[in-house]
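# Geometric and topological summary
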Amino acid sequence: MSLTIRTSFQNIEENAVHALTNGKHAGGAAGNRKNMFVGNTLMAEKDPIEVRRKLAQKKALKIVGDAYANDCSVESGIDEMHSHYDRMSKMRDAASSELKDINARQKALQEEYHVADDSKEQKDLELLKREQDMKNLLPGESLTMEEMRQLEEIHKEPLTEYQSRSLELNNMAGKAKQDMAAAQREMNGVTAAIKSINIERLKADPMRDAQNTAEDILENASKEIQGMMMNEVKDDIDEKTEEMKEEAEEKAEEKKEKDEIIDDRKEAREIEQARIEGTKEAIDEIKAKQKKEDGPEIAIDELLKFASPTDTAKAVSDSLNEIKNSMKLLEADLKGTTVDEEI
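These notes cover the structure that comes with them.

Here we come to the pattern of salt bridges. Taken as a whole and judged by the stated rule, the model has 16 salt bridges. Taking the shortest distance from any N to any O, the salt bridge between Lys234 and Asp238 comes out at 3.1 Å. Of the two residues, Lys234 and Asp238 are both situated in helix α8 (residues 206–293); the distance of four residues between them amounts to about one turn of the helix. Using a relative accessible area of 48% as the deciding quantity, one classes Lys234 as partly exposed. Residue Glu247 pairs with Lys251 through a salt bridge whose shortest N-O separation is 3.5 Å. Of this pair, Glu247 and Lys251 both sit in helix α8, four residues apart, which is roughly one turn of that helix. Since its relative accessible area comes to 52%, Lys251 is described here as exposed. When salt bridges with common partners are traced through the structure, they connect Glu50, Arg53 and Lys54 into a single cluster.

Have a look at this one:
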């Protein structure tokens, strides 16, 4: 029975100490464990800031939860130790009560057989009891050489009925003493284990350590999230700036194209105007020369030679009308004169 009791108590003590030791390192163990949602693809599709926040919260809760579970495990171990202590105490008390009953029965047996305390029969019985206790590995004084010689002499004679019955009761008393000693050892072990755990608790506070670790995780996550948000704002600003730049470049390109079209049209108008002006200037020069020399009238075909071959039909017709009026040409001179619009 004592071996079974000792093994049971050792398991309880080892479990409690193991839980306490794990509690000390709850932050580190939980910190090295990677917590991932089911499905990395689904997690990647979520808001990265929200994902980072959730992961930090989950990790912090895991650390505190593990520390709390370990603390509860330690408390549970201590409670079990107290229960074990109570069981051993009851076992010790029961064995002690049984021992008292056996002693009373021995006393009654002695009175029944009218054996005096100082009689040889009683003294031999006491020596036989000590020999029996030694065989049962009960604590006590060792037998001297003289006592061993006396026992040799006692064993040469048969035991009396009183001695035989008394030794049976003494053997029962020996078992009760063994149970008492085993229960007391267990009780002493429980007391020492609880004291050791309490000392360890004074050295470290797993719950406080876990709480601090969790706070550090959340604080670091908060800083990281702030950085992520700043990067998002920066990326958004850069994107909008790039869009504005592209839009400005597009508008500048459109304006450039419009300016080129306007310039082309202006240049065309200037060329056209120059051609018209050139035609008029040539005709004016001929008219002035005619008046100065008072020469004969110049044919229309000659006048057209001074005009630019690419003048428009309208410009040439206007000039001819002006010449006709100024030179008072006859209508007959103009008959048959045509203007080729492709000249």
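To continue, consider the packing of helix α5 (residues 120–135) against helix α7 (residues 161–203). A pair of packed helices is characterised by two quantities: the angle between their axes and the separation of those axes. Put simply, α5 and α7 touch, their axes get as near as 10 Å, and they point 35° apart. Like other packed secondary-structure pairs, α5 and α7 cross with a definite hand, here right-handed. For the pair formed by α5 and α7, the contact residues are Glu121, Gln122, Asp124, Leu125, Leu128, Lys129, Gln132 and Asp133 on the first element and Tyr162, Gln163, Ser166, Leu167, Asn170, Asn171 and Lys177 on the second. For the contact of α5 with α7, the residue count by class is four nonpolar, six polar and five charged.

Running from amino to carboxyl end, helix α4 (residues 48–112) crosses α7 at an angle of 160°, the nearest separation of the two axes being 8 Å. By the angle class used here, α4 and α7 are roughly antiparallel. The two elements α4 and α7 meet at a crossing, and its hand is left-handed. Partitioning the contact of α4 with α7 into residue classes produces 22 nonpolar, ten polar and eleven charged.

What counts, and at which threshold
- Residues numbered from 1 in each chain as written.
- Predicted model: local features only at pLDDT ≥ 70, side-chain atom pairs only at ≥ 80, totals over all residues.
- Heavy atoms only, no water.
- Salt bridge = Lys/Arg side-chain N within 4 Å of Asp/Glu carboxyl O.
- Helix = DSSP H or I, 4+ residues; strand = E, 2+ residues; numbered from the N terminus.
- Buried < 20%, exposed > 50% of the residue type's maximum accessible area, 1.4 Å probe, protein only.
- Axes fitted to C-alpha atoms, helices over the stretch in contact; angles between N-to-C directions.
- Left-handed = near helix turned anticlockwise from the far one by under 90°.
- Contact = heavy atoms within 4.5 Å.
- Nonpolar A, V, L, I, M, F, W, Y, C, P; charged D, E, K, R; others polar.
- Parallel < 35°, antiparallel > 145°, perpendicular 65-115°, else oblique.

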